[in-house]
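The residues making up each chain are set out below.
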Amino acid sequence: MFKFLQEGFNNHRSKQFVPVHIFLTAVTVIAVASLILEDFSSLGTYSSIFLTIEWATVIMFTFEYLARIVTARKKLTYVFSFWGLLDLVSILPTFLGLGDWAFLKSLRVIRFFKIMRSLHVSNIPEDYS
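The following refers to the structure shown.

Rules used in this analysis
- Residues numbered from 1 in each chain as written.
- Predicted model: local features only at pLDDT ≥ 70, side-chain atom pairs only at ≥ 80, totals over all residues.
- Heavy atoms only, no water.
- Helix = DSSP H or I, 4+ residues; strand = E, 2+ residues; numbered from the N terminus.
- Buried < 20%, exposed > 50% of the residue type's maximum accessible area, 1.4 Å probe, protein only.
- Contact = heavy atoms within 4.5 Å.
- Areas by Shrake-Rupley, 256 points an atom, 1.4 Å probe, with all protein chains shown as cover.
- Salt bridge = Lys/Arg side-chain N within 4 Å of Asp/Glu carboxyl O.
- Core = buried A, V, L, I, M, F, W, Y, C linked by side-chain atoms within 4.5 Å.

## So, the overall build of the chain
Point 1. Per the secondary structure count, the chain includes six helices and zero strands.
Point 2. Reading the helices (α) and strands (β) of the chain from amino to carboxyl end gives α-α-α-α-α-α.
Point 3. Put simply, the chain has 129 residues, and 41% of those count as buried.
Point 4. When contacts within the chain are restricted to residue pairs at least 6 apart in sequence, long-range pairs at least 24 apart make up 64% of them.
Point 5. For the chain, the computed accessible surface area is about 7,700 Å², with 73% contributed by carbon and sulfur atoms.

Rendered as structure tokens:
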């Protein structure tokens, strides 16, 4: 599994790279679409579905974040890079929302930037990988 993730995240020429990034892009699009739809008051009856999508995508983003740390050759460089901080900030509001930090829920909009990450990752190799 480690080898699959290492190749999928860090080797732009591997056969694992494209499926991993297509999956992550799909999860990101679903998370962003859910975030947008959640704001429509007419869709309030679907709030439990939006909450389920929220937690499912955050769990996947958390796994992605931890897997990127584990597979990065320069772990601290990734953690403190723009993309590492973006990954962290995209999951923190949901976890902090478990407490009385409701005002942080608006930070979930950061996930829009994860779409940019998908576009970026497909073009430019990172120096921390």
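Next, the rest of the story.
## Observations concerning the pattern of salt bridges
Point 1. Applying the stated criterion across every chain yields a total of two salt bridges.
Point 2. Residues Glu7 and Lys3 are paired through a salt bridge, measuring 3.4 Å at the closest nitrogen-oxygen approach. In this pair, Glu7 and Lys3 are both assigned in helix α1 (residues 2–10), four residues apart and thus about one turn of the helix distant.
Point 3. Where Arg68 meets Glu64, a salt bridge forms, and the shortest distance between an N and an O atom there is 3.0 Å. Note that Arg68 and Glu64 are positioned in helix α3 (residues 47–71) at a spacing of four residues, about one turn of the helix.
Point 4. Taking relative accessible area as the criterion, Glu64 reaches 3% and is therefore assigned buried.

## Examining the nonpolar core
Point 1. By size, the foremost hydrophobic cluster in this structure holds ten residues: Val27, Ala31, Val58, Phe61, Tyr65, Ile69, Ala72, Tyr78, Val79 and Ile91.
Point 2. Ranked by residues supplied to this core, first place goes to α3 with four residues.
Point 3. Core analysis: the next-biggest nonpolar cluster, separate from the first, contains five residues, Leu5, Phe9, Val20 and Ala67 among them.

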